[in-house]
Amino acid sequence: MGRRSKVNPSLGKAIIRKRFEGQRRPTDRDTELHTVDLNDGPSWTKLQSITQQGDLEEFLHTAELAGTEFTAERMNVKIVSNSQPGNAFLLSADEEERALQKHRENRDRLRVPRRPEWDETTTPSQLHRSERDRFMDWRRELARMQEEDSLLLTPFERNLEVWRQLWRVLERSHMVVQIVDARNPLLFRCPDLDSYVSEIDERKRCLLLINKADMLTDSQREAWATYFESEKIGYLFFSAKESNEVLRREREEAENNESSTEESTDKTPVDEASAFEERVRAAALDDADLRTRVLAPAELVAALQRTCPKIADEHSKNRLVIGLVGYPNVGKSSTINALVGAKRVNVGAMPGKTKHFQTIQLTDDVVLCDCPGLVFPTFATTTADMVCNGVLPIDQLREFTGPSALVARRIPRWVLEATYGIRIPVRSEEEGGDGLPSAEDLLVAYAAARGLFKPKGGPDQARAARVLLKDYVAGKLPYCVPPPDVLDPAAFNAEHYAPAAVATRSRHVVQNDSADFSVNRAASDRRPVQRAVNSVVPSRIDALDRQFFGSGSAALQGAQLRAKSHHVEQGSGFARSTPAAIAARSVVNDRGETVALNPTVTVSTSKKHRKRRPGKARSAAAATGVDDF
């Protein structure tokens, strides 16, 4: 067999060279005039969202943005982690209040990176360099808050190209709409974005679109409306899920009507668009309707047209351009689908489905400009809170006890049992608990009831945590954060946990003839499930001790009788402990019960053990002819 050639290139390297053929980064010597598209690496890597980085990855990425080259000696590298210890655990009420007060004091320091000024004489290399410098200064300020002031921030977008998409959307739009989750609107709202829009053009406006408003009760929407009005924040309530469900039912009814008649309709997409515009023009809304009402798609478009200012520029062509901005997975694409009435935008369960900003013709007068999902920097109390709010991906979660404990704290125990039909054992105050289920109690009970076990046995708490947390983020376990002026979260969510409301969401809540509700816990009543739960959850030691050693118990009397006739086998004979010897060593209380044995009292016996001499033992054995073992 011949010697292998060293110059034979591999197939993978050839493909990579072909893919990146002719591409290079701009340098400072380039003299082309300004262009919108910059050659900042391959297109398949430019818009990859980066929200979390390790210490080494963040250091290398920062060095790349700064254009700094460095060398390090081998075995002489030390990486210092700036992660704060204890963030995975829950805070007490006092610690959480101090953290929130610190967040309010530093709220103005959370800013959006600004795009540097440029004109027609700016070259691409100059703009590229200035954008990187401005972005680096912004990241240094955030790092300073985390390190010096010990402030916990949510994972924010670290890719400059994604922020460039936001800059283009803000420059094109006449009104910027921030889409937020109704269960925690202030977490997903970026106040500094309103200031940035005003800096670009004072005529532009901002609006807060509260999506998933169907998860709020009427009283909760009233509380949020009062808060937004006091803070002078424009807002609208909307539910993309309900709107899409209505559109789906209307299409099914239309298809059934067409199939039942012989003549097919000649309705075209143009006619459907005209009908939608007619509904928009016919929508008559006053301020009272806009205050707490969950708007339909046509009503929302009419409200946006009434709110959006008309700004004449060379790009709009006398049309209203409305930009949509928000966190990943808050429902931006679903909102557009509900407004358009057709699947014009891809929708996915994973955050960050939209990768480029895109314009969509909604009506003859309105154009939507969709921005990729972008994570703004926001203060957070714990990592568990970020997981429960959907900021961190659940499938990549490693520490699950903190978020699970937060769910067990927020959702009442009976609601969890009614939702899944399980029985959650808890420790009482006498057993060292507080009467509330812990993360282990909840996860073990759910895993055992659903048959989630590890290969070597035992309930799989990690799998159970992923299922429960996904149900919580999806809204199966409802919980809404109250406005800052409402101090009691339990009272704010009381309507969600009423028995009648839980019965509409779960089939495990049964109503009897007397209109009383009961919970069916059949999933946890099976014996294998009970054995699996008892094998993990600590047994009630104190209760067992009281039951066994209680005065007058049959177990104690039987133990005393067996102690009086106790025999210990020693060698070829027996050492018998007489009742008199036991009585001499016993400690008896005032009720005549034996509670212990006194080790200081010794009782002598008449039996003595003497060691035989080896020679005589062998002679005796030889004389009798019997082997002594």
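Note: the structure precedes this text.
For clarity, every value in this text was computed on a predicted model and none was experimentally measured.

What counts and how
Residues numbered from 1 in each chain as written. Predicted model: local features only at pLDDT ≥ 70, side-chain atom pairs only at ≥ 80, totals over all residues. Heavy atoms only, no water. Helix = DSSP H or I, 4+ residues; strand = E, 2+ residues; numbered from the N terminus. Buried < 20%, exposed > 50% of the residue type's maximum accessible area, 1.4 Å probe, protein only. Contact = heavy atoms within 4.5 Å. Areas by Shrake-Rupley, 256 points an atom, 1.4 Å probe, with all protein chains shown as cover. Core = buried A, V, L, I, M, F, W, Y, C linked by side-chain atoms within 4.5 Å. Expected span 1.5 Å × (residues − 1). Polar contact = N/O pair within 3.5 Å; in protein donor to acceptor, adjacent residues only side chain to side chain. 1 Å grid on protein atoms, 1.4 Å probe; cavity = no way out; pocket = protein on both sides within 12 Å on 5 of 7 lines; lining within 4 Å. Points joined across faces, edges and corners; volume = space filled by probe spheres on them. Salt bridge = Lys/Arg side-chain N within 4 Å of Asp/Glu carboxyl O. Pairing = 2+ DSSP bridges. Axes fitted to C-alpha atoms, helices over the stretch in contact; angles between N-to-C directions. Phe/Tyr/Trp six-rings, centres within 6.5 Å; stacked < 30°, edge-to-face > 60°. Lys NZ or Arg CZ within 6 Å of the ring centre and 35° of its normal. Parallel < 35°, antiparallel > 145°, perpendicular 65-115°, else oblique. Left-handed = near helix turned anticlockwise from the far one by under 90°. Nonpolar A, V, L, I, M, F, W, Y, C, P; charged D, E, K, R; others polar.

Engineer: It is not clear to me how the overall build of the protein chain should be interpreted in this structure. Could you clarify?
Structural biologist: For the protein chain, the count of helices and strands is 26 helices and 13 strands. Looking at the 629 residues of the protein chain, the share that counts as buried comes to 38%. In the protein chain, of all internal contacts separated by at least 6 residues, the share reaching a separation of at least 24 is 68%. Counting every atom, the protein chain has about 38,400 Å² of accessible surface; 50% of that belongs to carbon and sulfur.

Engineer: Quick question: what am I supposed to make of the nonpolar core here?
Structural biologist: Side chains of nonpolar character tend, in soluble globular proteins, to be buried together. Counting 117 residues, the largest nonpolar core has Trp163, Leu166, Val177, Leu236, Ile322, Phe376 and Ile411 as the members making the most contacts within it. Per-element accounting of this core gives the leading share, seven residues, to helix α6 (residues 160-172). Discounting chain neighbours no more than four positions away, the residues touching Phe376 are Val112, Thr154, Phe156, Trp163, Leu166, Cys190, Leu193, Val325 and Tyr327.

Engineer: I'm lost on α6 in this one. Help?
Structural biologist: The α-helix winds at 3.6 residues per turn, so residues separated by three or four positions along the chain end up facing the same way. Relative to the 18 Å expected for 13 residues at 1.5 Å per residue, α6 spans 19 Å between its end C-alpha atoms, a close match to the ideal helical length. Burial within α6 is extensive, with 11 of its 13 residues counted as buried. Those residues of α6 that sit buried are Leu160, Glu161, Val162, Trp163, Arg164, Gln165, Leu166, Trp167, Arg168, Val169 and Leu170. The N-capping residue of α6, defined by a side-chain oxygen 3.2 Å from the backbone nitrogen of Glu161, is Asn159.

Engineer: Could you clarify how one ought to interpret empty space enclosed by the protein in this entry?
Structural biologist: Vacant regions in the atomic arrangement are exposed by a probe of water-molecule size rolled over the atoms. Scanning the model with the defined rule gives two cavities of 30 Å³ or more in all. Space inside the largest cavity adds up to approximately 130 Å³. If you go around the largest cavity, the residues you meet are Asp181, Arg183, Asn184, Phe188, Cys388, Asn389, Arg410, Tyr472, Val473, Leu477, Tyr479 and Val481.

Engineer: In this structure, what is going on with the pattern of salt bridges? I would like to understand it.
Structural biologist: A side chain with one charge can pair with a side chain of the opposite charge if their charged atoms come near. Taken as a whole and assessed by the stated rule, the structure comprises 27 salt bridges. For Arg189, the salt bridge is made with Asp194, and the minimal N-O distance between the two is 3.0 Å.

Engineer: Mind showing me how you'd approach the sheet that holds strand β2 (residues 205-211) here?
Structural biologist: In sheet architecture, strand pairing relies on hydrogen bonds along the backbone and comes in two forms, parallel and antiparallel. In space, the seven strands of this open sheet follow the order β4-β3-β2-β1-β5-β7-β6, with mixed pairing throughout. Strands with a single pairing partner mark the edges of an open sheet, and in this sheet they are β4 (294-295) and β6 (358-361). In the packing of α6 onto the sheet, the strands contacted are β1 (175-181), β5 (320-326) and β7 (366-370), and the crossing angle to β5 comes to about 150°.

Engineer: What is the right way to read the packing of aromatic side chains from this model?
Structural biologist: Given two aromatic rings, one states the distance between the centres and the angle between the planes to describe the pair. For the structure on display, the rule yields 12 aromatic pairs. With 5.1 Å between their ring centres and 90° between their planes, Phe188 and Tyr327 make a pair best called edge-to-face. Within this pair, whereas Phe188 is found in helix α7 (residues 185-188), its partner Tyr327 is found in the loop between β5 and α14 (332-340), the two being separated by 139 residues in sequence. This pair shows no difference in class: Phe188 is buried, exactly as Tyr327 is. With centroids separated by 5.4 Å and ring planes inclined at 35°, the aromatic side chains of Phe228 and Tyr235 adopt a geometry described as tilted. The exposure class assigned to Phe228 is buried, which follows from its relative accessible area of 0%. One aromatic cluster is present, formed by Phe135, Trp138, Phe156, Trp163, Phe188, Tyr327 and Phe376 through successive ring pairs. Taking NZ or CZ as reference, Arg158 lies 4.3 Å from the ring centre of Phe156, over its face.

Engineer: Looking at this structure, I do not really get the packing of helix α16 (residues 401-410) against helix α19 (residues 461-474). What am I missing?
Structural biologist: Pairs of packed helices are described in terms of their axes, by the angle between the two and the distance that separates them. Interhelical geometry of α16 versus α19 gives an angle of 50° and a closest axis separation of 10 Å. When the interaxial angle is binned, α16 and α19 end up oblique. You can see that α16 and α19 cross each other, and the crossing is left-handed. Note on element contacts: α19 touches α16 through Ala465, Leu469 and Tyr472, opposite Pro403, Ser404, Val407 and Arg410. Broken down by class, the residue content of the contact of α16 with α19 amounts to five nonpolar, one polar and one charged.

Engineer: Whenever I open this one, the packing of helix α5 (residues 124-148) against α6 confuses me. Can you help?
Structural biologist: Across the interface, α5 lies against α6 with an axial gap of 11 Å and an inter-helix angle of 105°. In terms of axis orientation, α5 runs roughly perpendicular to α6. Where α5 abuts α6, its residues His128, Glu131, Arg132, Phe135 and Trp138 lie against Leu160, Trp163, Arg164 and Trp167.

Engineer: What should I look at first to understand the environment of Met215 in this one?
Structural biologist: Note on placement: Met215 falls in the loop between β2 and α9 (218-231). Taking the relative accessible area as the measure of exposure, Met215 reaches 18% and is therefore buried. C-alpha separation for the pair Met215 and Ser239, spaced 24 residues apart in sequence, amounts to 8.8 Å. Excluding anything up to four places from it in sequence, Met215 contacts Arg183, Gln220, Ala474, Gly475, Cys480 and His496.

Engineer: Quick question: what am I supposed to make of the side chain of Gln220 here?
Structural biologist: Structurally, Gln220 is set in helix α9. A distance of 3.1 Å separates a polar side-chain atom of Gln220 from the backbone nitrogen of Thr217. Every residue in contact with Gln220, bar those within four places of it in the chain, is listed here: Met215, Cys480, Phe492, Asn493 and His496.

Engineer: Explanation requested: α9 in the structure shown.
Structural biologist: The end-to-end C-alpha separation of α9 is 20 Å, in line with the 20 Å expected for 14 residues at 1.5 Å each. The secondary structure elements touched by the buried residues of α9 are α7, β2, β3 (235-238), α12 (287-292), β4 and α20 (489-492). Looking at the residues trailing α9, positive phi occurs at Lys232, about 60°.

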